[in-house]
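# Inside the fold
Residues per chain, in single letters:
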Amino acid sequence: MILICRYGQVLHPQGLGLSWPSKLIHRPNFTASSPSRSSSGCSSRCAVKMTVTVDEKKTTFTLKKSEKAFNAAKALIPHLRMCELMPGGVNSPVRAFKSVGGQPILIHSVKGSHMWDIDGNEYIDYVGSWGQQLLVMLMTRKYLFSAKGCPVLAALAETMKKGTSFGAPCLLENVLAEMVISAVPSIEMVRFVNSGTEACMGVLRLARAFTGREKIIKFEGCYHGHADPYLVKAGSGVATQGLPDSPGVPKAATAPTLSSPYNDIADVELLFETNKGEIAAVILEPIVGNSGFITPKPDFLNALRKITKENGPSP
Ligand SMILES: Cc1ncc(COP(=O)(O)O)c(C=O)c1O
């Protein structure tokens, strides 16, 4: 089989859904990577203001700068007659916090397992940029006090001197592919992609091509990115917009997507019975993170694997 994994989110924290404030720190002035446009902050050419100053005497937890920057990202820009910088102020609906409430926080930096927002608040990072930060976290912790610093960051810095992106194959892809394949015995081949959405799109096409079947089962509340076939009773990504199904998705694109309640194995069995020989794949979050933290019932995952094995295409 082929494993399709995410690639390319090198150092930038992608989300903070599970992070909690720990304590405050004082940091000197810094340059924010996120857009911050004060009401008077737009120059005549409307350059996005890139610098923020952290209040070094700050003793309370506030999100004033995050709030201002986020509002700027989703505010009207009257003299440009443009709506928002980004839809909802974000580049993934999940990050707008609409369905969970609260103020989205704009991250400035990360070190080890801790991260800082543009207000200077410090957080424990439980997301780890969906996993790829884990190595950096571990290494940073191990090498925190070494003069050489974290070897992962040093290797990144060295590699970036050659350029950040080529739009062509490069040797390091081979090296990484070999590392992934040798680390996971069941993996025969890999394809690296840029986002979870792409990975889920690719894996769906692969399953359909391999089985010659079109239908898939997904579970209510599970989110697999914003590709058309998955926008049926999805999790936070869609719930954020308050939409059970997204506008702009043709009915035909979601028609082969069967939806089942999570943790209801009898419902899955029924779907397999009524769609015999037509189901290409079952996709799920094994522990649902996108509509709350929902754990599988004992044996739900095993039962699911058994059904999918029994109903796979004949070799
Ligand atoms: C389980 C799962 N799959 C897919 C995605 C989509 O990933 P991306 O936002 O990188 O397209 C997400 C994003 O939150 C996710 O949580």
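Heads up: these notes are all about the structure in this document. (Residues numbered from 1 in each chain as written. Predicted model: local features only at pLDDT ≥ 70, side-chain atom pairs only at ≥ 80, totals over all residues. Heavy atoms only, no water.)

### Quick word on the overall build of the protein
- When you go through the protein residue by residue, the secondary structure sums to nine helices and eleven strands.
- Among the 315 residues that make up the protein, the fraction classed as buried is 37%.
- Total accessible area computed for the protein in this model is approximately 19,100 Å², and 60% of it derives from carbon and sulfur atoms. (Helix = DSSP H or I, 4+ residues; strand = E, 2+ residues; numbered from the N terminus. Buried < 20%, exposed > 50% of the residue type's maximum accessible area, 1.4 Å probe, protein only. Areas by Shrake-Rupley, 256 points an atom, 1.4 Å probe, with all protein chains shown as cover.)

### Here we look at the packing of helix α8 (residues 265-274) against helix α9 (residues 300-310)
- Interaxial distance between α8 and α9 falls to 10 Å at its minimum, and their mutual angle equals 10°. As far as their axial angle goes, α9 and α8 are roughly parallel. In this structure, α8 uses I265, V268, E269 and F272 to contact α9, whose residues at the interface are F300, A303, L304, I307 and T308.
- Residues of the contact of α8 with α9, tallied by class, amount to seven nonpolar, one polar and one charged. (Axes fitted to C-alpha atoms, helices over the stretch in contact; angles between N-to-C directions. Parallel < 35°, antiparallel > 145°, perpendicular 65-115°, else oblique. Contact = heavy atoms within 4.5 Å. Nonpolar A, V, L, I, M, F, W, Y, C, P; charged D, E, K, R; others polar.)

### A word on the packing of aromatic side chains
- Counting across every chain of the model gives four aromatic pairs.
- Arranged with centres 6.0 Å apart and planes meeting at 90°, the rings of F219 and Y262 form a pair that is edge-to-face. Of this pair, F219 sits in strand β9 (residues 215-219) while Y262 sits in the loop between β10 (257-260) and α8, and the two are 43 residues apart along the sequence. Each member of the pair, F219 as well as Y262, is classed as buried.
- When the centroid spacing of 5.3 Å and the interplanar angle of 65° are considered together, the rings of Y262 and F300 count as edge-to-face. Pair noted here: Y262 is in the loop between β10 and α8 and F300 is in helix α9, with a separation of 38 residues, a long-range link. Comparing Y262 with F300, the two get one shared label, buried.
- Counting every residue linked through ring pairs, the aromatic cluster contains F219, Y262 and F300. (Phe/Tyr/Trp six-rings, centres within 6.5 Å; stacked < 30°, edge-to-face > 60°.)

### As for the sheet that holds strand β11 (residues 279-283)
- Reading across from one edge, β10-β9-β11 is the order of the three strands in this open sheet, with parallel pairing throughout. Two strands lie at the open edges of the sheet, namely β10 and β11, each paired on one side alone. If you compare each strand with its neighbour and ignore which way they point, the axes differ by 25° on average.
- By the bridge criterion, four bridges tie β9 to β10 in an arrangement that is parallel. Within β10, the position partnered with I216 by the bridge is T257. (Pairing = 2+ DSSP bridges.)

### Notes on unusual backbone geometry
- Here N263, not a glycine, exhibits a phi torsion of approximately 80°, which is positive.
- Within the element layout of this structure, N263 appears in the loop between β10 and α8.
- Of note, D299 is a non-glycine position whose phi angle comes to about 75°, a positive value.
- Among the secondary structure elements, D299 is positioned in the loop between β11 and α9.

### Some details on the environment of R213
- Looking at the element boundaries, R213 is found in the loop between α5 (196-211) and β9.
- Judged by relative accessible area, R213 falls into the buried class, the value being 13%.
- Counting along the chain gives 65 residues from R213 to E278, while the straight-line C-alpha distance between them is 5.3 Å.
- Sequence-distant contacts of R213, defined by excluding residues within four places in its chain, comprise R208, G277, E278, I279, A280, N311, G312 and P313.
- Here the side chain of R213 touches N311 through a polar contact of 2.8 Å, landing on its backbone oxygen. (Polar contact = N/O pair within 3.5 Å; in protein donor to acceptor, adjacent residues only side chain to side chain.)

### Notes on the pattern of salt bridges
- With the rule as written, the count across this model stands at three salt bridges.
- With a closest N to O distance of 3.1 Å, E310 and K306 form a salt bridge. With E310 and K306 both in helix α9 and four residues apart, the pair spans about one turn of that helix. (Salt bridge = Lys/Arg side-chain N within 4 Å of Asp/Glu carboxyl O.)

### A few points about the side chain of T197
- If you trace the backbone, T197 turns up in helix α5.
- Within the structure, the side chain of T197 is placed 3.2 Å from the side chain of H226, a separation counted as a polar contact.
- With sequence-adjacent residues up to four places away left out, T197 is seen in contact with H224, G225, H226 and A227.

### Overview of the pairing of β9
- Along β9, four of the five residues are buried, which leaves the element largely enclosed by surrounding structure.
- In terms of strand pairing, β9 meets β11 through four bridges, oriented parallel. Across the sheet, residue I216 finds its bridge partner in β11, namely A281.

Geometric descriptors of this kind do not, in isolation, establish any biological role.
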